[in-house]
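Listed here are the chains, written in short residue letters.
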Amino acid sequence: MAYIGFLQINIIRYAKTEIPSNADYIIILGTRVDGTKPSASLTYRIDKAAMYLLHNPYTIAIASGGKGPNEGISEAEAIKEALIAKGIGEERITLEDRSTRTTENISFSKKLIPKGKSIGIVASNYFHIYRARSIGKDNGLSLYALSAKTPFKEAPKWYFREYLAITKYYLEKTHVID
């Protein structure tokens, strides 16, 4: 229970940051796509990112996420289509559509950040921000958090999964598993 408490405190702490205006870029992390439609979790991420992008016209978006099994399009493509539908110009959106996990989302997206751009934000669901920002730090990125809601009925599943994913991240980081 103490370990779960430790993880939950970090989840809460990392999800709350003051978000700068006109950040250079925002990385929107993908998650499941149902056919060609974003899942509820992904929709919350997209909505939160779109709201920021509409108010910060100089920020570019990096839509990040590959195509998983039973997905008709990549998560990045689903993010891009939804952002365009919400009024974000296509020229502001870069696709990272090869990643299959959060570590790849961040490292592959980092390669797409234009030279000289350093103020970044990561958009994901609240439960996921701690690990995403930690992986960003491992990759030399200092990312602010744009935390989206988690669908209420899916929250227990996602939090349980995230506790396991954080544990795996810690083990991989300390080279206990490769």
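Attention here is on the structure that accompanies the text. (Residues numbered from 1 in each chain as written. Predicted model: local features only at pLDDT ≥ 70, side-chain atom pairs only at ≥ 80, totals over all residues. Heavy atoms only, no water.)

### Some points on the packing of helix H5 (residues 129-138) against helix H6 (residues 155-173)
Packed helix pairs are characterised by how far apart their axes lie and by the angle those axes make with each other. The line we're drawing: The convention used is that axes are lines fitted to C-alpha atoms, helices contributing only their stretch in contact, and that angles between N-to-C directions extend from 0 to 180 degrees. Helix and strand assignments follow DSSP, with helices taken as H or I runs no shorter than four residues and strands as E runs no shorter than two, numbered in order from the N terminus. Put simply, angles under 35 degrees are roughly parallel, angles over 145 are roughly antiparallel, angles from 65 to 115 are roughly perpendicular, and the rest are oblique. Whether a crossing is left-handed or right-handed is set by the direction in which the near helix is turned from the far one by less than a right angle, anticlockwise for left-handed and clockwise for right-handed. Two residues form a contact once any of their heavy atoms are found within 4.5 Å. Nonpolar residues are Ala, Val, Leu, Ile, Met, Phe, Trp, Tyr, Cys and Pro. Charged residues are Asp, Glu, Lys and Arg, and all others, Gly as well, are polar.
The N-to-C vectors of H5 and H6 enclose an angle of 20°; their axes lie 10 Å apart at closest approach. Classified by the interaxial angle, the pair formed by H5 and H6 is roughly parallel. Where H5 crosses over H6, the two elements pack in a sense that is left-handed. Seen from H5, the contacting residues are Tyr 130, Arg 131, Ser 134, Ile 135 and Asp 138; seen from H6, they are Arg 161, Glu 162, Ala 165, Ile 166, Tyr 169, Tyr 170 and Lys 173. Grouping the amino acids of the contact of H5 with H6 by side-chain chemistry returns six nonpolar, one polar and five charged.

### Quick notes on the nonpolar core
Nonpolar side chains in soluble globular proteins tend to end up buried together. So the rule is basically this: What is meant by a nonpolar core is a set of buried Ala, Val, Leu, Ile, Met, Phe, Trp, Tyr and Cys residues, joined one to another through side-chain atoms within 4.5 Å. Remark: exposure states derive from per-residue accessible area (1.4 Å probe, protein chains only) relative to the maximum for the residue type, with buried under 20%, exposed over 50%, and partly exposed in between.
Residues Ile 26, Ile 28, Ala 61, Ile 79 and Leu 83 are the most contacted members of the largest nonpolar core, which totals 23 residues. Put simply, the parts of the chain that give this core at least two residues each are strand S1 (25-29), helix H2 (40-55), strand S4 (60-64), helix H3 (75-85) and strand S6 (120-125). Tallying contributions element by element places H2 first for this core, with six residues. Those residues in contact with Ala 61 that lie beyond four places of it in its chain are Ile 26, Ile 28, Leu 53, Leu 83, Arg 92, Ile 93 and Thr 94. Counting residues in each nonpolar core, the second largest holds 15 residues, with Tyr 25, Ile 27, Leu 29 and Tyr 169 among its members.

### Regarding the sheet that holds strand S7 (residues 143-148)
The cut-off we apply is this: A pair of strands counts as paired when DSSP detects no fewer than two bridges linking them.
One open sheet holds the five strands; their spatial order is S5-S4-S1-S6-S7, and the pairing between them is parallel. One side of each edge strand has no neighbouring strand; the edge strands of this open sheet are strand S5 (93-96) and S7. For this sheet, the mean inter-axis angle between neighbouring strands, taken without regard to orientation, is 25°. In this structure, S4 lies alongside S5, joined through four bridges in parallel fashion. Its bridge partner lying in S5, Ser 64 is registered against Glu 96. Lying over the sheet, H5 contacts S1, S6 and S7, oriented at roughly 160° with respect to S7.

### Description of the packing of H2 against H3
Orientation of H2 relative to H3, taken along the N-to-C sense of each, is 45°, at an axis distance of 10 Å. Here H2 is positioned oblique relative to H3, judged by the angle of their axes. In this structure, the crossing between H2 and H3 has a hand that is right-handed. Facing H2, whose interface residues are Leu 42, Ile 46, Ala 50 and Leu 53, H3 presents Glu 75, Ala 78, Ile 79, Ala 82 and Leu 83.

### Remarks on helix H1 (residues 2-15)
Formally: An expected span of 1.5 Å times one less than the residue number is assigned to each helix. The directions from the helix axis to the C-beta atoms form the arc being described.
End to end, H1 covers 20 Å across 14 residues, agreeing with the expected 20 Å (1.5 Å per residue, within 8%). Turning to H1, its buried residues are Leu 7, Asn 10, Ile 11 and Ala 15. Looking down the long axis of H1, one finds its buried residues gathered within 120° of arc, a one-sided arrangement. Summarising the geometry of H1, the exposed residues directed more than 90 degrees from the buried face are Ala 2, Ile 9 and Arg 13. Packing partners of the buried residues in H1 comprise H5, S7 and H6.

### Some remarks on a nonpolar patch on the surface
Condition: Like charges within 9 Å and nonpolar side chains (Val, Leu, Ile, Met, Phe, Trp, Tyr) within 5 Å are joined into patches, using only residues over 30% in relative accessible area that form no salt bridge. Throughout, the Shrake-Rupley method with a 1.4 Å probe supplies accessible areas, and for residues the shown protein chains are the sole cover considered. Counted as salt bridges are all cases of a side-chain nitrogen of Lys or Arg within 4 Å of a carboxyl oxygen of Asp or Glu.
Together, Tyr 3, Ile 4 and Phe 6 line one region of the surface with nonpolar side chains, adding up to about 250 Å² of accessible area. In this fold, Phe 6 is placed in helix H1. The exposure class of Phe 6 is partly exposed, given its relative accessible area of 40%.

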